[in-house]
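Read off the chains here:
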Amino acid sequence: MRHLLLLPAILFATACNRAPPDAAQRYDDWRQGGGAQSLTAYERMLTDAGVGDVVPMHALLRSSRRWRTCQAPEFLLPPSDRAAAIVPTLRVVAQLQALGIVEGSNVRSGYRSAALNRCSGGSTRSRHLLNNALDFDLADGSQARALCKFWRTRGPSLAMGLGFYTPTRIHIDTAGHRTWGNDHRRGTSLCVTGAAGQSAARANRTRTP
């Protein structure tokens, strides 16, 4: 009888200890849910543009860090008329990956719907709405200097935008050469408050989209 009483407890403990699905598994489950034709077209477009292997698809389609809080889908496919907008940004990411500065699998937010962008605290002019931006988590803050050097030297020709929400949470887009910090102002960017000097931080306090 004691063994019979223990069996439900053992089964419950086993279920609780079972590892939850990781992002790749959750993506596979989402992919099986439908929209395969649109997804295939998106993947083909990225491959034809030469950026199909820059960021794993399960990372590229992540909607927002706050998807659970916002009760939104974890993965979102951009509308067809915005699909190609991500290509220039992925080309920047490819260069950053080659230098070991970012890792494609660490994308935390790509395309967002308007409702999810509002819930996530995004600007009404957010480039996530246009599928032109990616947010990354960095392993640590040691890459900030390399990021800023890249932004200064190559950023102008790439129209690269670089935002620092924290030293390890960054935003990259290709909507113009600019930088900002956690209050969306140029003066609080690590590229300005670091080696660039404090005078530049005081000189420019305009908001950055």
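What counts, and at which threshold
One numbering rule holds for all chains: residues counted from 1, following each sequence as written. Given that the model is predicted, a residue must reach a pLDDT of at least 70 before its local features are reported, and side-chain atom pairs must reach 80 or more before they are shown or counted; all residues, however, enter totals for whole chains, interfaces and linings. The side-chain numbers reported here are obtained from all heavy atoms of the structure, hydrogens and water having been left aside. Under the scheme used here, helices are H or I runs from DSSP no shorter than 4 residues and strands are E runs no shorter than 2 residues, and both carry numbers assigned from the N terminus. A 1.4 Å probe rolled over the protein chains alone gives each residue an accessible area, and that area as a share of the maximum for its type sets the label: buried under 20%, exposed over 50%, partly exposed in between. Expected helix span is taken as 1.5 Å per residue step, with the number of steps being one fewer than the number of residues. Directions are taken from the helix axis to each C-beta atom, and the arc is the one they span. Nonpolar cores are built from buried Ala, Val, Leu, Ile, Met, Phe, Trp, Tyr and Cys residues. Side-chain atoms within 4.5 Å join them into one set. Any two residues whose heavy atoms approach within 4.5 Å at even a single point are treated as in contact. Here, strands pair whenever DSSP counts at least two bridges between them. Disulfides are defined in this document as cysteine sulfur pairs within 2.5 Å. Criterion for a salt bridge: a side-chain nitrogen of Lys or Arg within 4 Å of a carboxyl oxygen of Asp or Glu. Centres within 6.5 Å are what make two rings of Phe, Tyr or Trp a pair, Trp counting through its six-membered ring; a difference in plane orientation under 30 degrees is then read as stacked, over 60 as edge-to-face, and the rest as tilted.

1. Topic: unusual backbone geometry
Although it is not a glycine, Gln71 sits at a positive phi angle of roughly 50°. Along the chain, Gln71 falls in the loop between helix H4 (57-60) and helix H5 (87-98). Residue Gln71 is classed as exposed on the basis of its relative accessible area, which comes to 76%.

2. Observations concerning helix H3 (residues 36-48)
In this model, H3 (13 residues) spans 18 Å end to end at C-alpha, consistent with the 18 Å of a helix rising 1.5 Å per residue. Here H3 has its buried residues at Leu39, Tyr42 and Leu46. For H3, the arc enclosing every buried residue in end-on projection is 60°, short of the 170-degree limit, so these residues lie on one face. Seen from the open side of H3, the exposed residues pointing more than 90 degrees away from its buried face are Gln37, Thr47 and Asp48.

3. Details of the nonpolar core
Core analysis: the biggest nonpolar cluster contains 36 residues, and Leu46, Leu60, Leu90 and Leu96 have the highest contact counts within it. If you list the elements that add at least two residues to this core, you get H3, H4, H5, strand E2 (133-137), helix H7 (144-153), strand E3 (161-166) and strand E4 (169-173). Every residue in contact with Leu90, bar those within four places of it in the chain, is listed here: Leu46, Val51, Val54, Val55, Leu60 and Leu134. In terms of nonpolar packing, the next biggest core, distinct from the first, is built from 5 residues, Cys70, Ala72, Leu76 and Tyr111 among them.

4. Focus on the pairing of E2
For E2, a buried count of 5 out of 5 residues is recorded, marking the element as mostly surrounded by other parts of the structure. Here E2 shows no split at all, with Ala133, Asp135 and Asp137 on one side and Leu134 and Phe136 on the other all buried. Pairing geometry for strand E1 (residues 107-109) and E2, over 2 bridges, is antiparallel. Looking across to E2, one finds that Ser109 is bridged to Asp135.

5. Overview of the state of the cysteines
All chains considered together, the criterion is met by 2 disulfides. Each sulfur in the disulfide pair Cys148 and Cys191 lies 2.1 Å from the other. Measuring handedness by torsion sign, the sulfur bridge of Cys148 and Cys191 sits at about -90° and is left-handed. Note that Cys148 is positioned in helix H7 and Cys191 in helix H9 (residues 190-193), a separation of 43 residues in sequence. With respect to class, Cys148 is no different from Cys191; both count as buried. Each disulfide of the protein joins two cysteines, and with those cysteines numbered along the sequence the arrangement is 1-2, 3-4.

6. What to know about the pattern of salt bridges
For side chains of opposite charge, pairing can occur when their charged atoms come near one another. The full count for this structure, using the stated rule, is 8 salt bridges. The salt bridge partner of Arg26 is Glu74, with a shortest N-O separation of 2.7 Å. With Arg26 in helix H2 (residues 23-31) and Glu74 in the loop between H4 and H5, this residue pair connects regions lying 48 residues apart in the sequence. Residue class for Arg26 comes out partly exposed when judged on its relative accessible area of 23%. Of the charged contacts, one joins Asp137 and Arg108 as a salt bridge, the two residues approaching to 3.2 Å between their closest N and O atoms. Here the residue Asp137 occupies a position in strand E2, and Arg108 occupies one in strand E1, the gap between them amounting to 29 residues.

7. Looking at the packing of aromatic side chains
Applying the stated criterion across every chain yields a total of 3 aromatic pairs. Relative to Phe75, the ring of Tyr27 lies with its centre 5.5 Å away and its plane at 75°, an arrangement referred to as edge-to-face. Here Tyr27, found in helix H2, pairs with Phe75, found in the loop between H4 and H5; they are 48 residues apart in sequence, far enough to count as distant. The exposure class assigned to Phe75 is buried, which follows from its relative accessible area of 3%. Both rings, one in Trp30 and one in Phe75, keep their centres 5.8 Å apart while their planes meet at 45°; by these two values the pair is tilted. Within this pair, whereas Trp30 is found in helix H2, its partner Phe75 is found in the loop between H4 and H5, the two being separated by 45 residues in sequence. An aromatic cluster of at least three residues, connected via ring pairs, comprises Tyr27, Trp30 and Phe75.

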